[in-house]
Amino acid sequence: GRSLTDDDRTNIERLLRSKGIPLTSKHSPTGSPLVILHDTASSLEKKNFEKHKKEGRGPLGLGVSVWVTRQGATLLARLQDFYEPYRPTTTQFEKAADILRQDQRESLFRQVWQSTTENGHTQALKEALSNKDLEKNEIEMQYQSAITQLDSSSDKILTTATWTVESICKTLNDGDQSIAKVGKLSELKNACGGIKNYFEIRNQRVKNSVPIEIGQFGDTCKEGDDKCDRNSCNAKNRNLIKFDKKSPILILNMKT
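As the structure is a prediction and not an experimental result, all values here were calculated from the model. Throughout this document, residue positions are counted from 1 along each chain, in the order its sequence is written. The predicted origin of the model limits local features to residues at a pLDDT of at least 70 and limits the giving and counting of side-chain atom pairs to 80 or more, whereas totals for whole chains, interfaces and linings rest on all residues. As a rule here, side-chain values cover all heavy atoms of the structure and leave hydrogens and water aside.

A run of DSSP states H or I qualifies as a helix once it reaches four residues; a run of E qualifies as a strand once it reaches two. Both are numbered from the N-terminal end. Scanning the chain from terminus to terminus reveals 8 helices and 6 strands. Taken from the N to the C terminus, the helices and strands of the chain come in the order α-β-α-β-β-α-α-α-α-α-β-β-β-α. By the burial criterion, 41% of the 256 residues in the chain qualify as buried. Residues are treated as being in contact if the distance between any of their heavy atoms lies within 4.5 Å. A separation of at least 24 residues holds for 69% of the contacts in the chain among residues at least 6 apart in sequence. Entry remark: accessible area of the chain is about 15,500 Å², with carbon and sulfur atoms responsible for 50%. Buried means the residue's accessible area, taken with a 1.4 Å probe over protein chains only, is under 20% of the maximum for its type, while exposed means over 50%, and partly exposed covers the values in between. For the area figures, the Shrake-Rupley method with a 1.4 Å probe applies, and any residue is considered shielded solely by the protein chains shown.

Right, here's the structure in full:
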């Protein structure tokens, strides 16, 4: 509820430099920026830290910028481009589920895909995965997964496939009607029209949000025991360690 002081800014800059994080971003928020704090049920064991960090690129991973454990260890996963417009969504708000339900969204995505030529598919997939700092094998895996999801009538449509549909509609809206299959132009226009508002709102929300995952609870599970229940969303889980008196203070400090 107060503005940052000069001392605040100096301390923040010092911390960013010490972590090798640029003081400027390639992108800037276009509205009111949000720092979204999640209390997570995801495993924050040390062995997963490097995995989260390596996957903090393009469509890979969970789209989380920062992971914070109950011990205070912090993993910076995607902060080289703080307000990045292209990453996996982390909340229903970012997915714009209030604008378009998942079943409606995925039905329109498949209509777009089915109305587009094979060449249009290829070009859209290349556009979706370009400049995302991906390795060759990662691109191939994402490419095939997106095709499988969009060809299927029931698979959940994930990040790369979503970007591919967006690229198809952008090409169409830029005036290239050759991307439509013969006799499918009207269907393609209608499907792209049905998701235009969705993409505008979704993209606005993603690039204005910085998601942080906080492991609020501890557990009594031994490291490496994959059968032990670590689900912190289940209040009845007997493996959970309760808050100590300092935990809420740590979370409040993160919030400010």
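Anyway, onward from the coordinates.
Okay, the packing of helix α3 (residues 102-114) against helix α5 (residues 136-151) next. Packed helices, taken two at a time, are described by the angle between their axes plus the distance between the axes. Lines are fitted to the C-alpha atoms to define the axes, a helix being fitted only along its stretch in contact, and any angle between axes, read from their N-to-C directions, falls within 0 to 180 degrees. The geometry of α3 relative to α5 is characterised by a closest axis approach of 9 Å and an angle of 105° between their N-to-C directions. What the angle tells us is that α3 and α5 run roughly perpendicular. In contact with F109, R110 and W113 of α3, α5 contributes I147, Q149, L150 and D151. We call Asp, Glu, Lys and Arg charged. Ala, Val, Leu, Ile, Met, Phe, Trp, Tyr, Cys and Pro are nonpolar, and the rest, Gly among them, are polar. Its residues assigned to classes, the contact of α3 with α5 shows 4 nonpolar, 1 polar and 2 charged. Angle categories are assigned with fixed cut-offs, so that under 35 degrees is roughly parallel, over 145 is roughly antiparallel, 65 to 115 is roughly perpendicular, and the rest are oblique.

With 6 of 6 residues buried, strand β4 (residues 209-214) is to be regarded as a mostly interior element. Burial along β4 is two-sided: S209, P211 and E213 and V210, I212 and I214, pointing in opposite directions, are all buried. Strand direction decides the pairing type here: strand β1 (residues 34-39) and β4, joined by 6 bridges, are parallel. Within β4, the position partnered with V35 by the bridge is V210. By the convention used here, strands pair only if DSSP detects at least 2 bridges between them. Relative to β4, strand β2 (residues 66-68) runs parallel, the two being bridged by 3 bridges. Pairing of W67 across the sheet is with E213, part of β4.

As a further point, take the confidence of the model for the chain. One confidence number per residue, pLDDT, is output by the predictor and ranges from 0 to 100. Residues with a pLDDT of 70 or more make up 86% of the chain, whose mean pLDDT is 85. Residue range residues 247-256 is modelled with pLDDT below 50. Its contacts to residues more than four positions away, or to other chains, number 6 contacts.

Working definition: a ring pair exists when centres of Phe, Tyr or Trp rings (six-membered ring for Trp) sit within 6.5 Å. Plane angles under 30 degrees give stacked, over 60 give edge-to-face, the rest tilted. In total, this model carries 4 aromatic pairs according to the counting rule given. Each ring, one from Y86 and one from W163, has its centre 5.2 Å from the other, and the planes form 90°; the classification is edge-to-face. Here W163 lies in helix α6 (residues 159-173) and Y86 lies in the loop between β3 (74-76) and α3, a separation of 77 residues in the sequence. For Y86, a relative accessible area of 35% translates into the label partly exposed. The exposure class assigned to W163 is buried, which follows from its relative accessible area of 3%. By the ring-pair criterion, three or more aromatic residues cluster together here, those being F109, Y198 and F199. Note that K132 overlies the ring of Y86, its terminal NZ or CZ placed 5.1 Å from the centroid. Geometrically, a charge over a ring is one whose NZ (Lys) or CZ (Arg) sits within 6 Å of the ring centre while staying within 35 degrees of the ring normal.

A word on the nonpolar core. Each nonpolar core is a collection of buried residues, namely Ala, Val, Leu, Ile, Met, Phe, Trp, Tyr and Cys, held together in the definition by side-chain atoms within 4.5 Å. Residues F109, V112, L188 and I195 are the most contacted members of the largest nonpolar core, which totals 24 residues. Only α3, α4 (118-129), α5, α6 and α7 (185-207) provide two or more residues apiece to this core. The element that contributes the greatest number of residues to this core is α7, accounting for 6 residues. Contact partners of V112, with chain neighbours within four places excluded, come to V165, I168, C169, L188, A191, C192 and I195.

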